[in-house]
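Each chain is listed here by its residues.
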Amino acid sequence: LGVDRRLAVRGSAEVLDADGVKGSTQARALAEKRAGQLRGLAPPQQRRRLLAYLARRGFRGHEIQDMVSDVLKVGDAGT
């Protein structure tokens, strides 16, 4: 059994919105934390793993891809 993935993602988004937390804010915070853990990997591998990590948590789409690119660029500038 279990809960349909789309229902779970929609329900989570509704709860976060009700609490004033935007999904994009949560995704970025997760991405930044995970990017720090992936620092030793080659850039294509970092991107692939970070996108997969976010997808497993229900974040997908062009907005997430753009945000991941931005997070990885910021991380590169800091090294």
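Everything here concerns the structure above.
On a predicted model such as this, the values are computed, not experimentally measured, just so you know.

Draft legend 1. Representation of the pattern of salt bridges within the structure. Tallied over the entire structure, the rule returns 2 salt bridges. Note that D70 is salt-bridged to R28, the shortest N-O span being 3.0 Å. Here D70 is found in helix α4 (residues 62–77), whereas its partner R28 is found in helix α2 (residues 23–37), with 42 residues between them in sequence. Accessibility expressed as a relative area gives 25% for R28, which makes it partly exposed. By sharing partners, the salt bridges in this structure join R28, E32 and D70 into a single network.

Draft legend 2. Up close: the nonpolar core. One finds A31, L50, L54, I64, M67 and V68 to be the most contacted residues of the largest nonpolar core, which totals 13 residues. Listing elements by their share of this core, those giving two or more residues are α2, α3 (43–56) and α4. It is α4 that contributes the most residues to this core, 5 residues altogether. Filtering out sequence-adjacent residues up to four positions away, M67 remains in contact with A27, R28, A31 and L54.

Draft legend 3. Representation of the packing of α2 against α3 in the model. Viewed as axis vectors pointing N to C, α2 and α3 meet at an angle of 140°, and their least axial separation amounts to 10 Å. Taken together, the axes of α2 and α3 are oblique relative to one another. Where α2 crosses over α3, the handedness of that crossing is right-handed. Taking contact as the criterion, the partners of A27, L30, A31, R34 and A35 in α2 are, on α3, L50, Y53 and L54. For the contact of α2 with α3, the class distribution of residues is 7 nonpolar, no polar and 1 charged.

Cut-offs used in this document
Residues numbered from 1 in each chain as written. Predicted model: local features only at pLDDT ≥ 70, side-chain atom pairs only at ≥ 80, totals over all residues. Heavy atoms only, no water. Salt bridge = Lys/Arg side-chain N within 4 Å of Asp/Glu carboxyl O. Helix = DSSP H or I, 4+ residues; strand = E, 2+ residues; numbered from the N terminus. Buried < 20%, exposed > 50% of the residue type's maximum accessible area, 1.4 Å probe, protein only. Core = buried A, V, L, I, M, F, W, Y, C linked by side-chain atoms within 4.5 Å. Contact = heavy atoms within 4.5 Å. Axes fitted to C-alpha atoms, helices over the stretch in contact; angles between N-to-C directions. Parallel < 35°, antiparallel > 145°, perpendicular 65-115°, else oblique. Left-handed = near helix turned anticlockwise from the far one by under 90°. Nonpolar A, V, L, I, M, F, W, Y, C, P; charged D, E, K, R; others polar.

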